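What the coordinates show
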Amino acid sequence: MASIHDAALALLTQVPLPDGQGLTAADGFTSITTVNGQQLVQIQVGYPIDGIAVELAQTLTQVLAPLKLQIDLGWLAPSVAAANSQNAVPGVRNIVAVASGKGGVGKSTTAVNIALALAAEGARVGFLDADIYGPSGAHMLGVSGVRPQAHTANIMQPIRAHGIEMISMGNLLTDDTPVVWRGPMVSGALQQLLRNTHWDDIDYLIIDMPPGTGDIQLTLAQTIPVSGALIVTTPQDIALLDAKKGIEMFRKVQIPVMGIVENMSLHICSQCGHQEAIFGSEGGAILARDYQAPLLGQLPLQMAIREQTDAGRPPLVADPNSAVSLIYRSIARQLAARLWAESLHGAAAPSIVITND
């Protein structure tokens, strides 16, 4: 006769987690304990779930009803083992690079809103604007005129913006001051922004990368323990060509691509609601299929996104229950779930075999 532990595990294996990318409730099953005479099953998933916690708890309660078990549901973001893990950033569990092969695809807007979406799901989030030449994160988060304060000698206190911690070159320079630096100086600046900032118990540090595959990207790959990358593209053929280069770059430096976000998928007319695929269709899906990376979401070309972000109050702040905000939150949960899956079921270390040949 199967134990109650085995019976619960068998039932939980049949429950897919929302946005879990193949994960089930069994992946978070920790133990069964007795509290005040009532048996309690403890489930701790590895990504923030505030937006789906009630729905998930109800589902689990129904599934486990035959065993008369109460549910204790929670979450905790684990650290994902990454290349260069010896260079871990104090106070940060996971680093996610948001990248694109070219500019103009809405990468920074996507990065900012995903950071805010992770925070809305309950995570502690940091945001680093790594576009040294063209920083926009400070403006998008409404803190462009704020200067970071000193935490200790040579260490900056990150700036609080809409519930997340952030730092950007835009907070250190005036809006009309250009950065006229060569590659080594830019790479050094990135390192200082990252390591000379006092990050406080961050679950996810979102790094908004500059477009392309140059010095900043190489510095990131070689010296920073990046848990995974997120690729932003539009359906346009030219954007897809450059996005492929970005994916190949991360593969060469052994940084897993967690997924693809297709921005500007459809234009929605603000007057009549008519939808039109201005930049083409299915581009993100084809890219995802070719590179075996999930398409995490498709975002519309919508005036409200631009207006709200330009005003320093992105959709997750200005209208948290809008359809666009819910898409961002779904993308954020899938991204975090993929990171958890990587920590659970990531590729095993290579075997070293010594022979006498």
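Residues numbered from 1 in each chain as written. Predicted model: local features only at pLDDT ≥ 70, side-chain atom pairs only at ≥ 80, totals over all residues. Heavy atoms only, no water.

Moving on: the confidence of the model for the protein chain. A residue-level look at the protein chain finds 91% of positions with pLDDT of 70 or above and a mean pLDDT of 86. Low pLDDT, under 50, characterises residues 347-355; the stretch is placed with zero contacts to residues that sit more than four places away or in other chains. (pLDDT = per-residue confidence, 0-100. Contact = heavy atoms within 4.5 Å.)

Phi at Asn154 is positive, roughly 70°, even though this residue is not glycine. Tracing the chain through its elements places Asn154 in the loop between strand S6 (149-152) and strand S7 (155-157). In this structure Asn154 comes out as exposed when scored by relative accessible area, which is 68%. You will see that Gln254, though not glycine, has its phi angle at about 60°, which is positive. Considering the arrangement of structural elements, one finds Gln254 in the loop between helix H7 (237-252) and strand S12 (257-262). You can call Gln254 exposed: its relative accessible area is 65%. (Helix = DSSP H or I, 4+ residues; strand = E, 2+ residues; numbered from the N terminus. Buried < 20%, exposed > 50% of the residue type's maximum accessible area, 1.4 Å probe, protein only.)

Extensive coverage of strand S11 (residues 228-233) is indicated by the burial of six of its six residues. The alternating pattern of S11 places Gly228, Leu230 and Val232 and Ala229, Ile231 and Thr233 on opposite faces, both of which are buried. The pairing of S11 with S12 spans five bridges and is classified as parallel. Looking at the pairing, Val232 lines up with Val261 of S12. Between the parallel elements S11 and S12, the chain passes through H7 in a crossover that is right-handed. (Pairing = 2+ DSSP bridges. Right-handed = clockwise from strand over helix to strand, strands pointing away.)

Moving on: the sheet that holds strand S2 (residues 38-45). If you trace the three strands from one edge of the open sheet to the other, you get S1-S2-S3, paired in mixed fashion. Looking at which strands have only one partner, the edges of the open sheet turn out to be strand S1 (29-35) and strand S3 (70-75). Neighbour-to-neighbour, the strand axes of this sheet turn through a mean angle of 25°, independent of strand direction. Note: S2 against S3, six bridges, orientation parallel. Pairing of Ile43 across the sheet is with Leu73, part of S3. Where helix H1 (residues 4-12) meets the sheet, it contacts S1 and S2, and its direction lies at approximately 130° from that of S1. (Axes fitted to C-alpha atoms, helices over the stretch in contact; angles between N-to-C directions.)

With respect to the helices, strands and loops of the structure, Thr234 is situated in the loop between S11 and H7. You can call Thr234 buried: its relative accessible area is 3%. In this view, Thr234 contacts Val105, Ala239, Leu240, Glu262, Asn263 and Met264; residues no more than four positions away in its chain are not counted.

In this structure, Tyr47, Leu118, Phe127, Leu141 and Ile206 are the most contacted members of the largest nonpolar core, which totals 64 residues. In terms of residue count, the dominant contributor to this core is helix H11 (residues 323-345) (ten residues). Leu128, Val186, Ile216 and Val257 belong to the second-largest nonpolar core, a separate cluster that totals 40 residues. (Core = buried A, V, L, I, M, F, W, Y, C linked by side-chain atoms within 4.5 Å.)

Turning our attention to the environment of Thr309. Along the chain, Thr309 turns up in helix H9 (residues 303-310). Classification of Thr309 as buried rests on a relative accessible area of 2%. Separated by 152 residues in the primary sequence, Thr309 and Gln157 place their C-alpha atoms 24 Å from one another. Once residues within four sequence positions are removed from consideration, Thr309 is found in contact with Thr109, Asn113, His139, Met140, Pro314 and Pro315. There is a polar contact of 2.7 Å between the side chain of Thr309 and the backbone oxygen of Ile305. (Polar contact = N/O pair within 3.5 Å; in protein donor to acceptor, adjacent residues only side chain to side chain.)

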